Amino acid sequence: MPLLKGKVADYLFNEIKNSYIAVPMWPNGSLETLLMVLERSKTLKIAHILSQLGRDHPDGIIRGALNVLFVSPLGEIKV
């Protein structure tokens, strides 16, 4: 993402707190997965389980996470 401002990434890292994943979600429900922040140890466990199950869909980690923080690009991030 060549036009990404560092403040946006910093915001996601600061907001993840107790979540497994922080990912921007547009009003239509689409996710900006190129910009998401993952809690390493928790998401590695999810990825390992998905691999054992033969699940390779890219959104599997998000679906497998117990606590996902969805952030609005038009709300929180824009500010």
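Quick note: structure is the one above.
All values reported here derive from a predicted model rather than from experimental measurement.

Undergrad: Lay out helix α2 (residues 40–52) in plain terms, naming residues and giving numbers.
TA: Taking 1.5 Å of rise per residue, 13 residues should cover 18 Å, and α2 covers 18 Å from first to last C-alpha, within 8% of that figure. Buried residues of α2: Thr-43, Ile-46 and Leu-50, and no others. Buried positions in α2, seen along its axis, are confined to an arc of 55 degrees and lie on one side of it. In α2, the exposed residues that point more than 90 degrees away from the buried face are Arg-40, Lys-45, Ser-51 and Gln-52.

Undergrad: Run through the pattern of salt bridges, naming residues and quoting values.
TA: Applying the stated criterion across every chain, the model contains one salt bridge. The closest approach of N and O atoms between Asp-59 and Arg-63, which form a salt bridge, is 2.9 Å. For Arg-63, a relative accessible area of 67% corresponds to the exposed category.

Thresholds applied
- Residues numbered from 1 in each chain as written.
- Predicted model: local features only at pLDDT ≥ 70, side-chain atom pairs only at ≥ 80, totals over all residues.
- Heavy atoms only, no water.
- Helix = DSSP H or I, 4+ residues; strand = E, 2+ residues; numbered from the N terminus.
- Expected span 1.5 Å × (residues − 1).
- Buried < 20%, exposed > 50% of the residue type's maximum accessible area, 1.4 Å probe, protein only.
- Arc of directions from axis to C-beta.
- Salt bridge = Lys/Arg side-chain N within 4 Å of Asp/Glu carboxyl O.

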